[in-house]
Amino acid sequence: MTIKAINVRNQFKGVIKDILLGEVVSEIDVQTASGIVTSVITTRSVRDLELKVGSEVIAFVKSTEVSIAKL
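Residues numbered from 1 in each chain as written. Predicted model: local features only at pLDDT ≥ 70, side-chain atom pairs only at ≥ 80, totals over all residues. Heavy atoms only, no water.

- Looking at an unreviewed UniProt entry, the protein chain carries the name Molybdenum-pterin binding domain-containing protein, with the source organism given as Pseudomonas grimontii.

## Points about the overall build of the protein chain
Right, so step 1: For the protein chain, the helix and strand inventory stands at 1 helix and 5 strands.
Right, so step 2: Moving toward the C terminus, one meets the helices and strands of the protein chain in the order β-β-β-α-β-β.
Right, so step 3: Considering only intrachain contacts with a sequence separation of at least 6, the fraction spanning at least 24 residues in the protein chain is 36%. (Helix = DSSP H or I, 4+ residues; strand = E, 2+ residues; numbered from the N terminus. Contact = heavy atoms within 4.5 Å.)

## Comments concerning the nonpolar core
Right, so step 1: By size, the foremost hydrophobic cluster in this structure holds 12 residues: Ile-16, Ile-19, Ile-28, Val-30, Val-37, Ile-41, Val-46, Leu-51, Val-57, Ala-59, Val-66 and Ile-68.
Right, so step 2: Listed by contribution, the elements that provide at least two residues to this core are β1 (11-20), β2 (25-32), β3 (35-42), β4 (56-61) and β5 (66-70). (Core = buried A, V, L, I, M, F, W, Y, C linked by side-chain atoms within 4.5 Å. Buried < 20%, exposed > 50% of the residue type's maximum accessible area, 1.4 Å probe, protein only.)

## Things to note about the pairing of β5
Right, so step 1: Bridge analysis of β4 against β5 gives 5 bridges, and the strand direction is antiparallel. Paired with Ile-58 across the bridge in β5 is Ala-69.
Right, so step 2: The turn linking β4 back onto β5 is made up of 4 residues. (Pairing = 2+ DSSP bridges.)

## Overview of the environment of Glu-65
Right, so step 1: When you line up the elements, Glu-65 lands in the loop between β4 and β5.
Right, so step 2: Look at Glu-65 and you get partly exposed, because its relative accessible area is 38%.
Right, so step 3: The spacing of Glu-65 and Ile-41 is 24 residues in sequence and 9.5 Å in space, taken between C-alpha atoms.

## A short note on the sheet that holds β2
Right, so step 1: Here we have 5 strands laid out as an open sheet, ordered β3-β2-β1-β4-β5, and antiparallel in their pairing. The sheet terminates laterally at β3 and β5, the two strands that pair on one side only. Neighbour-to-neighbour, the strand axes of the sheet open up by a mean angle of 45°, direction not taken into account. (Axes fitted to C-alpha atoms, helices over the stretch in contact; angles between N-to-C directions.)

Listed below in C-alpha coordinates is the structure:
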(Lines give C-alpha, C1' and ligand atoms only; values in the text may rest on other atoms or scores of the structure.)
Protein backbone atom coordinates (compact mmCIF):
# COMPACT_ATOMS: atom_id res chain seq x y z
CA MET A 1 0.00 0.00 0.00
CA THR A 2 1.34 3.44 -0.86
CA ILE A 3 0.96 6.61 1.20
CA LYS A 4 -1.49 7.95 -1.42
CA ALA A 5 -3.74 4.90 -0.98
CA ILE A 6 -4.56 5.86 2.61
CA ASN A 7 -7.59 8.07 3.26
CA VAL A 8 -6.59 11.75 2.98
CA ARG A 9 -8.76 12.69 5.98
CA ASN A 10 -6.45 10.60 8.16
CA GLN A 11 -3.20 12.26 7.00
CA PHE A 12 -1.63 15.42 8.38
CA LYS A 13 1.47 16.78 6.64
CA GLY A 14 3.76 18.63 8.99
CA VAL A 15 7.19 19.30 10.41
CA ILE A 16 8.70 17.67 13.49
CA LYS A 17 8.91 20.28 16.26
CA ASP A 18 10.17 18.12 19.12
CA ILE A 19 11.44 14.61 19.79
CA LEU A 20 11.55 13.17 23.30
CA LEU A 21 13.79 10.12 22.98
CA GLY A 22 13.28 7.25 25.38
CA GLU A 23 15.17 4.01 25.75
CA VAL A 24 12.44 1.99 24.01
CA VAL A 25 9.76 4.43 22.81
CA SER A 26 9.89 8.10 21.84
CA GLU A 27 7.36 10.94 21.53
CA ILE A 28 7.29 12.88 18.27
CA ASP A 29 5.51 16.27 18.14
CA VAL A 30 4.49 17.25 14.61
CA GLN A 31 3.32 20.78 13.79
CA THR A 32 0.50 20.55 11.23
CA ALA A 33 -1.91 23.09 9.79
CA SER A 34 -4.48 21.69 12.23
CA GLY A 35 -2.20 21.98 15.27
CA ILE A 36 0.32 19.73 16.98
CA VAL A 37 -0.08 15.96 16.59
CA THR A 38 1.92 13.72 18.94
CA SER A 39 2.94 10.18 18.08
CA VAL A 40 4.57 7.57 20.30
CA ILE A 41 6.77 5.26 18.22
CA THR A 42 9.72 3.02 18.92
CA THR A 43 13.09 4.69 19.31
CA ARG A 44 14.39 2.20 16.75
CA SER A 45 11.90 3.62 14.21
CA VAL A 46 13.10 7.16 14.99
CA ARG A 47 16.63 6.04 14.10
CA ASP A 48 15.61 3.93 11.07
CA LEU A 49 13.57 6.81 9.60
CA GLU A 50 16.36 9.27 10.51
CA LEU A 51 13.77 11.57 12.09
CA LYS A 52 15.03 14.91 13.35
CA VAL A 53 13.54 18.21 14.42
CA GLY A 54 12.66 19.98 11.16
CA SER A 55 11.99 16.77 9.17
CA GLU A 56 8.91 16.91 6.95
CA VAL A 57 6.59 14.01 7.77
CA ILE A 58 3.03 12.81 7.44
CA ALA A 59 1.14 11.83 10.58
CA PHE A 60 -1.33 9.01 9.93
CA VAL A 61 -4.17 8.95 12.43
CA LYS A 62 -6.20 5.90 13.43
CA SER A 63 -8.68 5.86 16.28
CA THR A 64 -6.05 4.38 18.60
CA GLU A 65 -2.71 5.55 17.20
CA VAL A 66 -0.72 8.10 15.20
CA SER A 67 1.96 6.77 12.81
CA ILE A 68 4.79 8.73 11.16
CA ALA A 69 6.22 8.56 7.61
CA LYS A 70 9.19 10.64 6.52
CA LEU A 71 8.78 12.64 3.30
